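Observations on chain architecture
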Amino acid sequence: MPKDGLERRGPGPSAGGPRQKPREELRVLTPRQIFDHLDRYVIGQRAAKRAVATAAHQHLKRIEQRRLGAKTLLRKSNLLLMGPTGCGKTHIARNLAELLEVPFTVVDATEYTEAGYYGKDVEVMVAELLFKSGHSIDATERGIIFIDEIDKIARRSGSLRTGAGSRDIGGEGVQQALLKLLEGREIFVPLNVTQHWNKHDFVQVDTNDILFVCAGTFTDLHQAQVDKQVGFGAEGRKQGTVRLRVKELIEYGMLAELLGRLPVQVQLCELTRDELYEVLTVPPDSLAREYKDAIALDGATLDLREGALRAIVEYAVEKRLGARGLRSILEEVLADVLFDAPERRGETIVVDRAYCEARLTSLQAAAIRD
């Protein structure tokens, strides 16, 4: 396979031998350092952040041992994050990649089909990581691939037989194709992501040190958990408070072999009202600070009162939108403010609870009319 223009940056492994010692030592962060970084940007989910920090630390130690040419018994700690939408699954993985300073890519499991069918082969997700790393194979082999919507490729065939036979090209077939990537082996990766069907330009990549973080909502399972408890004490139960068992995931349609290659299984809970309020205000990249900076660039000052932010949180909880829905709600509330801001240079624009509730009420009325 041609490898023109693709040279390993830094000392790579010699042919048939162990990896050579690199010029620069890999910075192995402790679980506490990783947790503290995640804690600044990710609100709540303490147990999930601890589990991710520990798995990342083990991953860094394993890479360091292999780069030094030493034998190690450490195995790759791929992760499976389970939780309702808007609880921070993608946010945790993205901030982890920024801290570790490794290439990072987010892929959607629903875009892939098993080999031989129209759609992306699973090797394309490694090709996207290769593209993000500037076509550095060494950097790619230390990267992180975040596979979202992993629950959408659950086995759908079962005992059902249709005109297409028992093939499940977007479900069980993709799970089977992922096994070789998750376990770690050398695969041929297409160089051109947009023309992955072209079978000529490929390069060999070892996935042994690529960390895979899979995430899914498993909506049906969470809904079943919420509905199990009725009567006294059922009020206020949150999604994700009951631990999912491997047996339930297998019955859902996940392959036991796939779950075995995802040893770190973390369950995230639905965010509370107070945690959603902290999402709006506490992190260095919080939404409240972002919109204040946007208005400041127009020469005006935005005064977001606590009552307004509380109203936004209550609306998000009522509609079960999670943290992901906070931005769309803020966009709706501040639509007129953002439009008029350049014409109000030097002024202070106050957004209080009454203004916010009026905007949200009109939004609901428009939705009902539609």
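Keep in mind the model is a prediction, meaning the values are calculated, not measured.

Within the chain one finds 15 helices and nine strands. With 370 residues in all, the chain has 46% of them scored as buried. A sequence separation of at least 24 residues applies to 73% of the contacts in the chain between residues at least 6 apart. For the chain, the accessible area works out to roughly 19000 Å², and carbon and sulfur atoms hold 50% of it.

In this structure, the largest pocket occupies an estimated 700 Å³ of space. What lines the largest pocket is a set of 27 residues, and nearest its centre among them are Gly88, His91, Val279, Ala323 and Arg324. Elements that contribute at least two residues to the lining of the largest pocket include exactly α3 (89-100), α11 (287-296) and α13 (325-333). By residue class, the composition of the lining of the largest pocket is ten nonpolar, eight polar and nine charged.

Contact geometry for helix α1 (residues 31-41) and helix α2 (residues 46-67): axes closest at 8 Å, N-to-C directions at 135°. When the axes of α1 and α2 are compared, the pair comes out oblique. Our pair here, α1 against α2, has a crossing hand that is right-handed. Contacts between α1 and α2 involve Pro31, Arg32, Ile34, Phe35, Leu38 and Asp39 from the first element and Arg46, Lys49, Arg50, Val52, Ala53, Thr54, Ala56 and His57 from the second. Considering only residue class, the contact of α1 with α2 consists of seven nonpolar, two polar and five charged.

Detailed reading of the predicted model is not advised wherever pLDDT is low. Mean pLDDT over the chain works out to 79, with 77% of the residues at or above the 70 mark. The model gives residues 159-165 a pLDDT under 50, and that stretch makes one contact with residues more than four places away or in other chains. Long-range and interchain partners of residues 224-240, a stretch whose pLDDT sits below 50, account for 25 contacts in this model, where long-range means more than four residues apart.

Along strand β5 (residues 202-206), four of the five residues are buried, which leaves the element largely enclosed by surrounding structure. Pairing between strand β4 (residues 186-190) and β5: five bridges, direction antiparallel. Each residue of the ladder has a partner; that of Glu186, found in β5, is Asp206.

Here the focus is the nonpolar core. Generally speaking, a soluble globular protein has its nonpolar side chains buried in company with each other. Leu80, Met125, Val126, Ile145, Ile147, Ile150 and Leu178 are the most contacted members of the largest nonpolar core, which totals 41 residues. Those elements that provide at least two residues to this core are β1 (79-82), α4 (123-132), β3 (144-148), α6 (172-183), β4, β5, β6 (211-216) and α9 (256-260). Once residues lying within four places of it in the same chain are set aside, the contact partners of Ile150 are Leu80, Ala109, Leu178, Cys214, Ala215, Gly216, Phe218 and Met254. Listed in part, the 31 residues of the second largest apolar core include Leu271, Val279, Tyr291 and Leu326.

Calculation notes
Residues numbered from 1 in each chain as written. Predicted model: local features only at pLDDT ≥ 70, side-chain atom pairs only at ≥ 80, totals over all residues. Heavy atoms only, no water. Helix = DSSP H or I, 4+ residues; strand = E, 2+ residues; numbered from the N terminus. Buried < 20%, exposed > 50% of the residue type's maximum accessible area, 1.4 Å probe, protein only. Contact = heavy atoms within 4.5 Å. Areas by Shrake-Rupley, 256 points an atom, 1.4 Å probe, with all protein chains shown as cover. 1 Å grid on protein atoms, 1.4 Å probe; cavity = no way out; pocket = protein on both sides within 12 Å on 5 of 7 lines; lining within 4 Å. Points joined across faces, edges and corners; volume = space filled by probe spheres on them. Nonpolar A, V, L, I, M, F, W, Y, C, P; charged D, E, K, R; others polar. Axes fitted to C-alpha atoms, helices over the stretch in contact; angles between N-to-C directions. Parallel < 35°, antiparallel > 145°, perpendicular 65-115°, else oblique. Left-handed = near helix turned anticlockwise from the far one by under 90°. pLDDT = per-residue confidence, 0-100. Pairing = 2+ DSSP bridges. Core = buried A, V, L, I, M, F, W, Y, C linked by side-chain atoms within 4.5 Å.

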